[in-house]
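Understanding the architecture of this molecule
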Amino acid sequence: MTVKKSDHMKDIHKPAERVGEDFYRVRNSYDKVVRSTHGVNCTGSCSWNIYVKNGIVTNELQAVDYPQIDHDIPNYEPRGCARGASFSWYLYSPLRVKYPYVRGRLLDLWTEAKKRFADPVAAWESIMTDESARKSFQQARGKGGLRRTDWDTALDIIAASSVYTVKKYGPDRITGFSPIPAMSQVSYAAGARFLQLIGGSCLSFYDWYCDLPAASPQIWGEQTDVCESADWYNSMYTVLMGSNVSMTRTPDAHFLAESRYKGTKVVVLSPDYSQAVKHADLWVPLKKGQDAAFWLAVNNVIINEFYNKKDTPYFREYVKKYTDLPFLVKLEASKDGFRAGRYLRASDIDALAGEENAAWKMLLMDETTGSLYSPKGTIGYRWAKEKGKWNLEDTDGIEGLERIPMLSLSDEEVILSTDGYDAGGGYAPVKRKAGAKRIKTVQGDVYVATVFDILKANLGAGADYYENSPYTPAWQQQFTGIEPETVIKVAREFAENAEKTGGRSMIIIGAGVNQWYHSDLSYRAAIMALMLTGSVGVNGGGLAHYVGQEKVAMLSSWSALAMAGDWCKPPRLQNAPSFWYIHSDQFRYEGSVFDYFAVPDKEKFKEQHSADFNAKAVRLGWLPFYPQFCGSSIDAAEEVLTEADGDKAKAMKITASKLKKGEMKFAAEDPDNPKNFPRVWYIWRGNAISSSAKGHEYFLKHILGTDHSVHAEETGFGFENIKDAKGAEGKVDLVVDLNFRMDTSAVYSDIILPAATWYEKNDLNTSDMHTFVHPLTEAVPPLWESAGDWEIFRRIAEKFSETASAHFPKPVYDLVATPLAHDSPDEIAQENVTDWKYGHEDPVPGKTMPKLTFVERDYGKIHEKYITLGKSIRENGIGAHGVSWNSGEEYDDLKKINGSRYMEGEEMADVSTALKASSAILRLAPEGNGQVSLKAFRDLEAKTGRPLAHLVEGYEEYSVSFDEITRQPRRIINSPCWSGKVGKGRAYAPFTLNVEDLVPWRTLTGRQQFYLDHEMYIQAGENLPVYKPELDMEMLGETEGGDGLVLNLLTPHGKWNIHSTYFDNERMLTLSRGGQCVWLSEKDAEKAGITDNDWLEMSNKNGNVVCRAVVSVRIPEGMCLMYHAPERTIDVPLSPSTGKRGGVHNSLSRVRLKPTLMAGGYGQFTYYFNYWGPIGVNRETFVKIRKLNEVRY
Amino acid sequence: MDVRAQLSMVLHLDKCIGCHTCSVTCKNLWTNRKGTEYMWWNNVETRPGTGYPKNWEDQGKFRGGWEIKNGSLSLKSGSKWGILSRIFHNPDQPVMKDYYEPFTYDYANLTDAPESANQPIARAKSRITGESMNIEAGPNWDDDLGGSREYAAKDPNLTEEDRVLFGEFEKIFMMYLPRLCNHCLNPACAAACPSGSIYKRGEDGIVLNDQEKCRAWRYCVSACPYKKIYYNWDRGKSEKCIFCYPKSENGEPSACAHSCVGRIRYTGVLLYDYDRLIQVLEAPEETLVEALKSCILDPSDPEVKRHAKKAGIEPDWIQAAENSPVYAFVKEFGLALPLHPEFRTFPMVFYVPSLSPVLRKAETDMTMENFRIPVKYLASVFTAGNEAAVEDTLKKLLGIRSYMRGKELADKELMEKGISLSGWNGRELEKAYRLTSLTNFTGRFVIPKTRRENGSSYEMQGAEGFLDHGKNKR
C-alpha cells in the first residue's frame, strides 16, 4: 500500500477555521419565506415557498407540507417542476412589462383627438370613423413602436373605446379572453366580472384548446371529472395514451413510477418514444391518431372472452346497473338490413305514453317477466314535477317494483347493418346478426334490441381474431401497425386485472388523442373498455384525462363572483371555437365539411358547411354566438319593449317573430358586416394571439388587420344561410393586454398594462390533479407600475363608469340571447331536430330557439357593483351542476370577514380587493365549508330520493379561510357539485358518488352511455363508437406545390414551456435548444438533406415558420413534433419565402369544427361554457419542410 | 477501525423523469451570477449521450481521476509535483466548446424597438462577447435523444453492436442520469490542488473548495473525472457543488434533493472505515463496487458504534446513520451503485439503475433478457463492467414488483416469484417497496444537524450573522 492518509483525504473538523464557508452560507440565508404558486395553465397547482432577501425574490423551492392522504399512498410532495422553479427569473428580467404601453401611432392619434374633443368617447369616435387613421395603427400592430405611457392615459383610451362600442354597436361587441381560471381564480374573475357587468362576452378556453374531451359529456353528461393523481397509485393496470405524464404532468409522474413497485403494470401507447415510455412494461408504438382502431379491437376481445365465452359476474352486474347497455333501441328497416335508431321510450308504448315526460323515459326489459318498464333515473324523472325518482335503484319508476334489466335479447335474430370504413377511407357497411324482439308500439310493430346486442354486432365480437373485418385484432393492424397478438394480450390483461381487482384498470389520456378531429370516437372506444370492465367510478380505475382541465374546486361561488351572477343574469358566455372560426374568417377558406368528415350519406344533412351548421346551432339555441344580432342588443331591447308596451313576455314573442320574418337577423349569419365585428378585445392571463390563436395568421389578417402569411384563398362556398362576403380585415378596434411579460400577444396589442406576477398578488389555486386549495400571496409588492388583475379591472371599471355616466345617464335594457342550458329543464326541450328556418315550426324562445332575457344595465354603477358582492347571492343562493342552496348565513358571515359596503343604504359584502374576493370564494362554497356542503347534499337528496347528507358527517364545522391555506394547503371536502368522493385515506376518483350512492349520471338514461341516439349521431353513423378514417393531406388540401418534405405536424405539450409561458425564460431556453425547433426522424431529415440544428422553413397554406431542426431516432417517420407553444419573438429569422418574420406553431394551423359536437337542447347535448360544443382540433396539420441555407434576421 | 461520517445521496433512476427541476433550483441558488453562467453543479443527462461537458467520461482526453500506475494509485493527470511543474499550462482542461457559449437574448428590444417593417424579436446574444450569436450548443443539448446521431450514438458506454441497434426506431432506449459532485472519499480534485484549498469536511465528508484560499490553478477541474468543478472566470476561483451545506447543517436537504419532484433522491449518513478504504483503493477494477461497499459500516453494529463514538461522531449522527435511507439502498438492499467506480475516487453518490420496457412485442411480463437498456450498458456506467452486479439489482427491482403485485391480487405464485428473484423475505420486500414508493420527505432525507454549540456560543449568540462576526470569532 503506497497511498498514505495524504493531504487530500485529511478531513477538517474545525468549522470555525473554515471561514471561506461563509461565502455560500450568507447566500443561502433569507429574510422571509412566502407561500405562492404559478398561475399558469398546466394543472400542476403546486404550492411553493418564495424566498425573499433584502426585499428581492432570490429563488423558490416547493412547499412540502400537504396534508397526507393516507400512509399507503405516496405524499403530494414536492409538487413543482423545472418550469415553475425558473419563474423568479421573470420578476426582474428585461422581458418584464414594467409600465403601461400604447402603440405609438394610436397614442399620437389619441393625443390629437383629445385636443379636439373634451369627451373621450367623442375623441375615440373621431379616430374610429376615420378609416385611414384606424387602419394606420392596425397595420402597425406587431411591428414595434410601442410607447410608454401613464395609467391615466391608458385607462382613458380603454374606457372611451368600451363606452363607444356599447353605445354604437352594443355591449356584446366587447369580448375577453383569459384561459383556465383554476390556477388564479380571482385574476380570471376580475376581467370576467367586468365584462359580464357591462354585457360583454367571455370566450371559452377548454374546448378551444381542444382539451375538452367531447366524449365525457357524450357518455357521462359531465364536462370532465377525473381522479386526482394519487389515485393512479391505486390502479393495478395503467394504460397511457396521448399522455406523456413524465413530461407534462411532472409533479404527478411519481405516482405512476411508484405504483409500479406496488405491482402495477404499465402500457404506453405512443407513436414516438416519448419520455413516459420509460415507465412502461410494454411500449405500443401505434401509428399517430389511430387509437380508436386499437381500442375497438380491444373491446372486440373483451366482449368475446369476458361476455360471450364466459360469464364475468362483476362485469355483467356493473353494465346492467350503471350503463345503458340493457336499454332498448328501435331498429329501422333499411335496404341493407336493420339499422339502430332511437331509444325506445315510454311515449312509444301505449300503456306508458300518458306518463309525465314520457318521451324522456327510456325503457328496459325485465329479465324475470319480460315486460317493458321505465326505470328510475332517466332524464324524464330528473325534470319531473315529482322529485325523488331520479336515482339508480333497480326499481320501476312507475310501478315501484324491483326489476332486473335484461342485457341481451334472443327472441329473434335480425341482420344489422353497421358502419365501417376501409383502409382507403371508403364507406363499407358490414352486415351482422343480432338478437332482437318484435314489440308493439304506438307507431306499430317494431324490432327492438338492447344496446349490448347492437354493440356486440357492431364490434364483430365472436369473429375470428385473424379475420380482416371490423373490428377484429387483425383488422386494426392496417391502421395502427400493431400486430394482433399485442392487442389480444393487452385486452386480456386489462380485463383480467379489472375482474380480479374490482375495476382497478385505468387509462391515462391526454392531448395526443384528444386533439384529432375524431377524438370523440377514439375516446368513446377507449372508455368503452373501461365500462365493459366495470372500471369507472372505482378508485384506481377509469379514465384519467389530463389536458387543460383545471378544476375550480369551489365552482359555485367562483362562478357567481366571476360571471357577476350576484348582479345580473344570464352571462354572455361564448364557445371560442365557433367564435374564432367565424370571426377570423377561417370558415371562408374551406368548402363542405364532408370533404373530410366521412359519413354514410351526406345527403341526409341539409347543411354542408360547418359555418352553416354553426348558424343552425345558434338559431336553434344549441350554441351561443356573440354578437348575437345584427345591430345593438340595447337598441333591440328598446325596440321590442316599446312595441310590446313594456311587456317582456310579449316582447320576446315579437323578437321571435321578427327573427322568423327576417326583420331581425343573427350576427352569425352575417359575420363580415362591420356592424357585427368584435370591437374591443381584452386579453389577460394568457397569450391569446399566439399560443391560443389556432389559425394565428388568419387572426393577424382578419382580426388585427396587420401583416400576415396566409397563402390560402377563400373558396367562395355557396352558403345555405350565411351572407356572401369577402372576409373583412382588421375587425378589432382595440386590443388590450394585461401582461407581465412581452410575449407575442403583448407585441401585437394596442395597449399593454403591466400586470403583477404570481409572486406579487393574492389569489386562489386549485386543480383536478389533487384535492387541496392553496393560495398565491404577495411576496413582494407589484413591481414597478404593475398591479394585480383584480385591481387593474377595478381601475378599468372605475374609469368606465365615470366615462359612461355622461352617455348612459339612466339604466337601459339589454336583450340577452343564450343557448339552452345544461343542468336545466332545457335538457328536454328538443326531442327531435326541427328547424324553424325551414318552416318546420315556429321559433319559441327557450324551446326551439335561444332563450331571451332583458337584463338591466346601469353603466354608471359598474365600478360600485364590481367591488360589492350583490345581495342576490344572499337571497337566491348559488349552485353548480344542477345542485343549489341558500347562502344567507355565509353571506352574512362574509360581511364580517370582509367588511361591508353600502349601496343605496343597503349593507353588502365588500369584494374590493383580491384578498376579499378570495374569501368570498372560500366561504360560500361547499368544498371549503361543511355547513354549505350539508345544505347542498340536502338539495340533492330531495332531487334523488337517496340519503346523502352522511357524506359530510364529521365535517359540519369544517371551513377554510385564506389565512389557513396560507399556513398550509387544505383539502377540499365532499360536495354534490362533483361526482367523486374524498375523505380520510381516500383519493378522489370520479363517479364514485354515482356508483356508491346511486346518483344518476346527468345523461338521457341517467346511466353511462355507450349509445348516442341524437338524430345527428345516427345520421353521421356515430351512434356507436366506430372507426373513421384519418383526415389526410389530400382531403384537407393545405399543403402547396413545389418540393419539400411533407410531414404531419404534431404539437404536443413541451418540456421547456407551459404553453408559451417559460418558453422565453432564459433558463428554459438554455436547457433546451435556445429557440423554436421541430423534431424530425433521422430518415425524414436525411430525405430533406437536413442535419441536427439546421435552420429550416415549414410552411403550408396557412403560414410559415422558420426554426431549427432537432433530428432524433426517437421520432418515427412521417411526422414531426413542434412542442406547443413557442414564441415568434425569440430569435426568429425572416422567412425566405415571404420576406416577413417567421411565424409560430399556430401559423400553420387552422380550425375545423365537427358538426355533431354542435348538437343541443337534448339531454347531455345541451350547452354550457367550456362543457359542450365543437373543439378546436389541430392535429391534422400537414407541412412542407425545406432546409434553409441562409438565415436573415 | 477509523470510523468517519459521510453525507451521501441515492438517486433512484427508475423513478427519474428527466425534468431538470434539480438543475434549475440549484442554478437559481448558486450559479445565477456573473462567472457562473455555464456552471451546472447539478445537471441531468439523457443516456445514451455524451453528457455535460461533452464526453466527460473520456479520461483519455481529460485525464481525470486515478489510475494504477506502476502498481500504485496515482492521479491520471500526474502527481502534484508534476502538476506544479506545469502550473501555467494545463492541456487537459476542458475548453468552451466542451461546455457551451453561454447566451441570453436582447429581450428589451421587444419593448423598445421602433416601428419597423417587421415584427421585432429578442435575438440571441453571447454572454461572453455581448454580440449576436448563433446558438450551436447548450448544457443539455442532446436532451431526450435530440441530435441522436451526433450524441447518443457516440456514447462511450455503448458496445459496437448496441450502437448499430440503437439506430433502429423500435429498438431504442433512453434513461436519465442526474449528476452532481460525488463528494468522493478519495477526491482527485483535492489531491490535484496546488494550493491545498480543497478539503473534505470532517463532520460530514462534504468536499469544498475554500473560496478564500483558491488560487485559480484549475487543476481540480481536470483532475475531477466527473467534471464537477468549474472555474469562475469572473471571480478567479473554482466552484463546485457544496451539497448545500448551509442547508444540510440545519438538517435540510440540498436544493436538488428537496426539489426532486420524481422523489428519486434520498440523503442520509454513511459511516465508513477509513482504514479499510486505504486498503481497497487499489482493488482490481471488477471488484471495485464491492470494495467500495466494504468500506461502509453497519451502523447498528455495537462495535461500529463504539468506534464511531471514539472517533468523535455525535450520537445523533450515529442514530441518523442507522435510519439512513442511503444505507438501506446501498448496503442493506444492495440496490444502489456508484457512478464509474473505475475512476477510483470512491464516489459517495449512488444510483439505482433503471428498468426499461421489454423489447419483445406482445410481452408485458418483464424478464431481464428482454429489457431495452442492455445490461452491458448499465455495467459500463455503474459497475466498471461487472454485469452480474447490475443483473443482481435489476432482479431485485423485478422481485419487489412481482411480490407486491402478487400481494395486491392475492396471487401466491407472483409473490413466490418475487421472493426468488430478490432473495429476500416478505418483510424485506415490503420494506424495500415502502422505501421506494411511500417514503415521505422526512424519510427520504434523514440529515442530522451539525453541532455548533461550544465554549463561545454564549457570546456568539448575539453576534451570529453580523458581517464582522467572522473577525471577532477569530
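Our subject is the structure listed above.
Here's a quick rundown of the structure. The model shown is predicted, which means the values in this text are computed figures rather than measured ones.

Along its length, chain A carries 38 helices and 42 strands. Since a compact globule built from 1193 residues should have a radius of gyration of about 32 Å, the 29 Å found for chain A is in line with a globular shape. C-alpha atoms of chain A, sized along the principal axes, occupy 110 × 85 × 70 Å. The 1193 residues of chain A split such that 73% are buried. Considering only residue pairs separated by 6 or more positions, chain A has 76% of its internal contacts joining residues 24 or more positions apart. As displayed, chain A has an accessible area near 32,300 Å², and 49% of this comes from carbon and sulfur atoms. Taking the 140 positively charged and 156 negatively charged side chains of chain A as two groups, their mean positions are separated by 2 Å.

This brings us to the pairing of strand β7 (residues 174-177) of chain A. All names here are of chain A. Side chains Ile174 and Gly176 project from β7 onto one buried face, and the interleaved Thr175 and Phe177 project onto a second face that is buried too. With three bridges connecting them, β7 and strand β8 (residues 201-203) associate as parallel partners. When the bridges of β8 are listed, Thr175 appears paired with Ser201.

At the interface, 135 residues of chain B touch 136 residues of chain A. Carbon and sulfur atoms make up 54% of the surface buried where chain B meets chain A, a total of about 11,600 Å² over both sides. Counting every contact that joins chain B to chain A gives 18 salt bridges. A salt bridge links Asp1131 of chain A to Arg123 of chain B; the nearest nitrogen and oxygen atoms lie 3.9 Å apart. Linking chain B to chain A there are 72 residue pairs in polar contact (both at pLDDT 80 or more).

Attention now goes to the packing of aromatic side chains. Residue and element names in this part refer to chain B. According to the stated counting rule, one finds 98 aromatic pairs over all chains in the structure shown. Ring geometry for Tyr38 and Tyr99: centres 4.7 Å apart, planes at 75°, overall edge-to-face. With Tyr38 in the loop between α1 (21-30) and β2 (43-47) and Tyr99 in the loop between α3 (80-85) and β5 (103-105), this residue pair connects regions lying 61 residues apart in the sequence. The pair Tyr38 / Tyr99 is uniform in exposure class, with both members buried. Taken together, a centroid distance of 6.3 Å and an interplanar angle of 70° make the contact between Tyr100 and Phe103 edge-to-face.

Where nonpolar side chains cluster on the molecular surface, the patch consists of Met96, Ile128 and Trp233 of chain B and spans about 280 Å² of accessible area. Its place among the elements puts Trp233 of chain B in the loop between β10 (229-232) and β11 (237-240).

About the cut-offs
Residues numbered from 1 in each chain as written. Chains lettered and ligands numbered in written order. Predicted model: local features only at pLDDT ≥ 70, side-chain atom pairs only at ≥ 80, totals over all residues. Heavy atoms only, no water. Helix = DSSP H or I, 4+ residues; strand = E, 2+ residues; numbered from the N terminus. Rg over C-alpha atoms; globule rule 2.2 N^0.38 Å. Buried < 20%, exposed > 50% of the residue type's maximum accessible area, 1.4 Å probe, protein only. Contact = heavy atoms within 4.5 Å. Areas by Shrake-Rupley, 256 points an atom, 1.4 Å probe, with all protein chains shown as cover. Lys, Arg positive; Asp, Glu negative; His and termini not counted. Charge placed at Lys NZ, Arg CZ, Asp CG, Glu CD. Pairing = 2+ DSSP bridges. Buried area = accessible area lost by both parts, 1.4 Å probe. Salt bridge = Lys/Arg side-chain N within 4 Å of Asp/Glu carboxyl O. Polar contact = N/O pair within 3.5 Å; in protein donor to acceptor, adjacent residues only side chain to side chain. Phe/Tyr/Trp six-rings, centres within 6.5 Å; stacked < 30°, edge-to-face > 60°. Patch = residues over 30% accessible without salt bridge, like charges linked within 9 Å, V, L, I, M, F, W, Y side chains within 5 Å.

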